[in-house]
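Coordinate analysis (summary)
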Amino acid sequence: MAQDICRTKRKCGAASSYRRRSDEEVAGLSGLTQVFSEVIKSFSHEDLLRITEYYKPYLVYVIEYDITSILQNLVTKDILTNDQAKRFKLKEESKGQAGVESFISNVMKMDRVVLVSLWKALAEEIVRFPSPNLTKILEEVTKGGPFLLQEIQASLQPLSIKTHIKGLHETHRGAVSESTETLENQTSPGDPCTRSVVFETRYTELMVINQYKRTYNETQHELLKTGQTHAELVEKRTKEKCERIWTEQLFRRSPGSETSPHVVVVSGVAGIGKTTMVQKIMFDWARGIQYHRFAFVFLFKFRDLNLLDTENEPQMPLTRLIVRHYKYLNDPRLINILQKPESLLFILDGLDEYKHKLDFNQTRLCTKLDDYVPVHTLLISLVCGNLLKGCSILITTRPTALESLDMERVDRYAEILGFFPEQRLMYFKKFFGDSDLGTEAFQYVEENAILYTMCFNPSYCWIICSVLKSHFMTPEEKRGAAPKTVTELFVLFLHNILTNHKREADHHHEILVKLGKMAYYGVANKVLVFYDKFEMFTFGLRPVLSTPFLSGFLKEILQRESTLEYTTYTFFHLTLQEFMAACYFYLDPSAGNKEMLVKLDSCEDGRFEIFIRFLAGLARYSVFKTLDRILGKFKMKTAKSILEWVKQKAERALQGQDKNEALRVCQWLYETRNNKLIRDAIGTDLKMDFSESTLSPLDCAVLGSVISCCGELQELILSQSRLTAEGIRRLVPGLIFCEQVSFYSCSLTSKCCEVLSSALSAEQSHLTNLDLGYNNLKDAGICLLCEGLWSPNCKLETLGLQSCGLTSGCCDALSLAFCADSSHLTQLDLGENKLEDSGVYLLCEGLRKPNSTLKELRLYSCGLTSGCCEALASVLSVHDSHLAYLELRKNNLEDLGVIKLCEGTRSPNSKLDSVWLMSTGLTSKCCEALSLALSVEHSQLVELLLEDNNLSDSGVHLLCEGLKSPNCKVELLRLSSCGLTFGCCEALSSAISVEHSQLTELELNDNQLEDSGVHHLCDGLRNKNCKLETLGLESCGLTAQCCEALSSALSSEHSHLTELLLDNNNLENSGVHLLCKGLRNKICKLETLRISNTGISEDEKRNLKALEKELNRAGRHVEINI
């Protein structure tokens, strides 16, 4: 059975991607799991059922992560049968959380042994469940022990209310129930149906996680920041990283703590659902569903509290504050209610909307219920515990206001992350009222990362659903284009509303200008709440609130709330406010565009980010066409000035070093969809560099779309950036228009390869160079990639696969790829992969085929031996071979392997001109074969790299015989670290002096040549036939005694030397003085002199730098590296 479950697990493709706890984590929890297993056995069946029922929602959340491991555990112990486990697994696959809940319910119906085994399985399999939630459950049960049931029972029992206040309690509960039973529902624009829906039918559980970020720096727009956080958390699996908190757990005691938290702060961005969560808490309390420990719950909204600090009543006691909000509590018994603070919950909603800063350092706090103090002092006194010590307080806020709180006084901090993928789908289904239609709309949004990423926000979800509902409910043949950008989405949203209210509009243009002006004021000053007697009056909207157009239109975009003696208005979503603010500058020619753009340039936080996107997106002609008839003519002059501003900002950002800024402007460019603007912004070199960045799927989608609009890109550099498989998928529309792409060291896996394969095989693919080095692609990934390489549409010429975790298992597929009829592949890097000889045999089969196009093959550090060299030699010998470059360094080929290889290089068919044999275990024994390879009539070898092999002087003597041959074409010879001494220098000097020598670069670093060896070499350097331009003599045991000879060579009329490397030799000041003599000679051609770590003084270093400047002023191009 365990094998059957494993097969099912692999089939659904999840098992291999699960993260296990580390060995250290498991070891640290071993004591807990052992004690837990004993504690769980101590409960009776009846008690265990109560405990399981209590924890069921949390167990569902935990077990859904990997139900297979639990089923395997239970089957292995013969607790469940094979068939039972299969049925539970299939139900979980088809129904998700509902299937897991069904599994737990079924176990609860079985006998005690099964239920105990389920709990023990959770502890035993903890290595497979990295969720902090599971750890917390085990700790609570273990530490609670026999008292756990008492705590559970107490939390479920309603609080006993004293008879004399029972009437007030019932009145308050009834009022709260009535005020929370409906949810203000924005239906699709223009829908005449009621806005109120039953709270339970529309409410979707939000994701709340227990964490505290100690600093908050709003350098990004908060909605965008949270959207990126969402993408990261989904990729990393929230269940592995974060402890989820349900609303009923906010005031629950933590394991090991003696008291419950008193002050709880819940943070979340605008529109995320903080107020809705508060309504859920109030709703559950009033219905007796949760929060039984509280006799009274009081809600105060900070926006209302702003209105209480008036001249008429600047100070008040707490009782007055309560009565102002709950008039029916104007009763002497209110004092009795407040005498038991531990049974009271105060909810303070929307700290970010409060005009006062809560100063926790102020000394004048109140301690008595009848103390008259300013309202903000009342609040501080409650939080600090000076007033009603022991009461519970819940504060909600946007992240921007966290800095005003003294977090030391906060017992628990949680953050609302909004909707995760399954919750988003659920919301769509509920909104559409049709599961299939909701799923269709959701799938459309899911494919558009720009729209999808922001769906974590419930308010945003409502806006997109309202637009798509009208779109998807229109017959397919009559549908227009669905929105692709955020601007298009909001344009359609506004268009639908205005179309519906067109008949009511007499002066709607003027009214919209005023509304947009107020919206911009709010964006610029971080104001979300507009009061009818203040902002609505100031911007001229209050007198027209009763007009048919405004009263109807406002209901579609503004939320109206009458509180106390004021009425407040808020846009249904911050993004809607930003959109109306952007429209203002297109509707009113006197709006002051220049001043606005100056303000955007000077703003250092992220408040204008989405506003700028709307400004850019509204400059499109298609937008004008959509809104012209409804809003009146948009101003083309505005569009031109904004697009010019966007272009200038984009040019600077894309050519600068700040990758985050570059990503920001790409968002603006994407909203414009202006191909010419995008090409101009990217620049004539058509290159984009986002290396060492963290790119979310959203960033990738925008980048892909921008490149797609550009139509072509010479180079896209993403090396050492953090990317995911989903990010790569979103990039593909742009990748196909790139010629060169680097994904070097981007933590990619085989999951990315199918997507990359599709980019290679796309009909319009431009890709010619793809670097995937240092990614864990494995053989499976390469086999998928090769499907794209086989395509007749593939134009790839260069492919980098170094250090990709490959073995011989992928070599057959690669071999077929580069010998395919349509193959263009000429360069392949497979270095640092364990291909071994067997892999090279397979590669050689393809290389010997007439269709093989490969010219360069890199096989360094591939675990090769002499056993593969005969196959490689055979490749060089075939008539149709194109192989010209072969890199075999850091393989144990030994002399035998190179001797075999040389047989191929001596073939008249060989086109090999560069061979890298560094660190291959060679000695002088292979040098005769190498010498013959250099001297054959048809030799093509131009580069021979032999460093870090023990060739010794005798081996070099043999090589020099080949170097002196008139057939030798070698230009580059590297012999560093080859165990050489001065004994080989005369032979080398002779080789560079022959009339037909082609040698221009000779490296002899890290050999004990000593001064006498350099004297011999200088004889050759002065020879008229010597063509040497670069000579490497680093770490060769040299002293000042060789410097006169070197100086003489530099000043020789025949010298071609332009680069001399002398680092790490003891030349001292005297030696350098001699070198400078040659350097000053007018016929000296030296351009680079490296003499670092050569024992010279600081004064001499300054003299050298002065000489460098002197020579460069004289027209020479000299660089002295010291």
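Residues numbered from 1 in each chain as written. Predicted model: local features only at pLDDT ≥ 70, side-chain atom pairs only at ≥ 80, totals over all residues. Heavy atoms only, no water.

**Let's talk about unusual backbone geometry**
Most peptide bonds take the trans configuration, and most residues that are not glycine carry a negative phi. Definition in use: Per the convention used, a helix needs a DSSP run of H or I reaching at least four residues, while a strand needs a run of E reaching at least two, with both numbered from the N terminus. Under the scheme applied here, a residue whose accessible area is under 20% of the maximum for its type counts as buried, over 50% as exposed, and between as partly exposed, the area being computed with a 1.4 Å probe on protein chains only.
Despite not being glycine, Glu692 has its phi angle at roughly 55°, a positive value. Of note, Glu692 is situated in the loop between strand 12 (687-689) and helix 34 (697-710). On the accessibility criterion, Glu692 (61% relative accessible area) is exposed. Not every positive phi belongs to a glycine, and Ser919 is a case in point at roughly 55°.

**Structural notes on the packing of aromatic side chains**
What counts, and what does not: Working definition: rings of Phe, Tyr and Trp (its six-membered ring) pair if their centres are within 6.5 Å, and the pair is stacked with planes under 30 degrees apart, edge-to-face with planes over 60 apart, and tilted otherwise. In this scheme, Lys NZ or Arg CZ marks a charge over a ring once it lies within 6 Å of the ring centre and within 35 degrees of the ring normal.
This structure, assessed with the given rule, holds 38 aromatic pairs. Within the aromatic cluster, the residues linked to one another by ring pairs are Phe296, Phe298, Phe300, Tyr326, Tyr328 and Phe346. For Arg173, the ring lying beneath its charged end belongs to Trp285, and the centroid distance is 4.7 Å. Here Arg889 stacks its cationic end above the ring of Tyr860, 4.2 Å away from the centre of that ring.

**Quick word on the pairing of strand 8 (residues 412-418)**
Heads up, the condition is: By this definition, two strands are paired if DSSP reports at least two bridges between them.
Among the seven residues in strand 8, seven count as buried, and that is most of the element. Residue alternation in strand 8 divides its side chains into two sets, Arg412, Ala414, Ile416 and Gly418 and Tyr413, Glu415 and Leu417, and both sets are buried. Examined bridge by bridge, strand 4 (residues 263-267) and strand 8 share four bridges and lie parallel to one another. Its bridge partner being in strand 8, Val266 is matched across the sheet by Ala414.

**As for the packing of helix 23 (residues 486-500) against helix 27 (residues 574-587)**
How two helices sit against one another is set out by the angle between their axes and by the gap between those axes. Note the threshold: All axes here are fitted lines through C-alpha atoms, helices being fitted over the stretch that makes contact, and every angle between N-to-C directions spans 0 to 180 degrees. Geometric relationships in this document are graded by angle, where less than 35 degrees denotes roughly parallel, more than 145 denotes roughly antiparallel, 65 to 115 denotes roughly perpendicular, and other angles denote oblique. Contacts between residues were defined by any pair of non-hydrogen atoms, one from each residue, lying within 4.5 Å. We call Asp, Glu, Lys and Arg charged. Ala, Val, Leu, Ile, Met, Phe, Trp, Tyr, Cys and Pro are nonpolar, and the rest, Gly among them, are polar.
It is at 11 Å that the axes of helix 23 and helix 27 come closest, and there the two elements cross at 85°. As summarised for this structure, helix 23 and helix 27 are arranged roughly perpendicular, according to the angle between their axes. Between helix 23 and helix 27, the contacting residues are Thr487, Phe490, Val491, Phe493 and Leu494 on the first element and Thr575, Leu576, Phe579, Met580 and Cys583 on the second. Across the contact of helix 23 with helix 27, the residue classes break down as eight nonpolar, two polar and no charged.

**Observations concerning the nonpolar core**
Selection criterion: We define a nonpolar core as any set of buried Ala, Val, Leu, Ile, Met, Phe, Trp, Tyr and Cys residues linked to one another through side-chain atoms lying within 4.5 Å.
Among the nonpolar cores identified, the biggest contains 247 residues, and Phe611, Leu716, Phe743, Leu801, Leu859, Leu975 and Leu1033 are the most heavily contacted of them. A total of 10 residues in this core trace back to one element, the largest contributor, which is helix 27. Each residue touching Phe611, except ones within four places of it in the same chain, is listed here: Tyr520, Val523, Glu578, Ala581, Ala582, Phe585, Met596 and Leu600. Listed in part, the 74 residues of the second largest apolar core include Leu305, Leu348, Leu351 and Val383.

**Remarks on helix 28 (residues 593-602)**
Test applied: Here the arc refers to the set of directions running from the helix axis out to each C-beta atom.
Looking at helix 28, one finds that the buried residues are Asn593, Met596, Leu597 and Leu600. Buried residues along helix 28 cover an arc of 95° about the axis, so they all sit on one side. Across helix 28 from its buried face, at more than 90 degrees, point the exposed residues Lys594, Glu595, Val598 and Ser602.

**What to know about the environment of Glu1001**
Following the sequence through the fold, Glu1001 ends up in strand 23 (residues 1001-1003). By relative accessible area, Glu1001 is classed as partly exposed at 21%. When near neighbours in sequence (up to four residues on either side) are disregarded, Glu1001 contacts Glu971, Leu972, Leu973, Arg974, Leu1028 and Thr1030.

**Side note on the packing of helix 32 (residues 659-672) against helix 34**
The following threshold applies: Handedness of a crossing is defined here by the sense of rotation of the near helix relative to the far one, left-handed for an anticlockwise turn of less than a right angle and right-handed for a clockwise turn.
The contact between helix 32 and helix 34 brings their axes to 9 Å, and the two run at 55°. Considered as vectors, helix 32 and helix 34 are oriented oblique to each other. When the axes of helix 32 and helix 34 are compared, the crossing they make is left-handed. Residues Leu663, Cys666, Gln667, Leu669 and Tyr670 of helix 32 lie in contact with helix 34, whose contacting residues are Leu698, Asp699, Val702, Leu703, Ser705 and Val706. The residue makeup of the contact of helix 32 with helix 34, split by class, is eight nonpolar, two polar and one charged.

**With respect to helix 18 (residues 375-384)**
Burial analysis of helix 18 places 10 of its 10 residues in the buried class, which makes it a mostly covered element. Three or more residues of helix 18 are buried, namely Val375, His376, Thr377, Leu378, Leu379, Ile380, Ser381, Leu382, Val383 and Cys384. The positive-phi residue at the C-terminal boundary of helix 18 is Gly385, with phi of around 85°.

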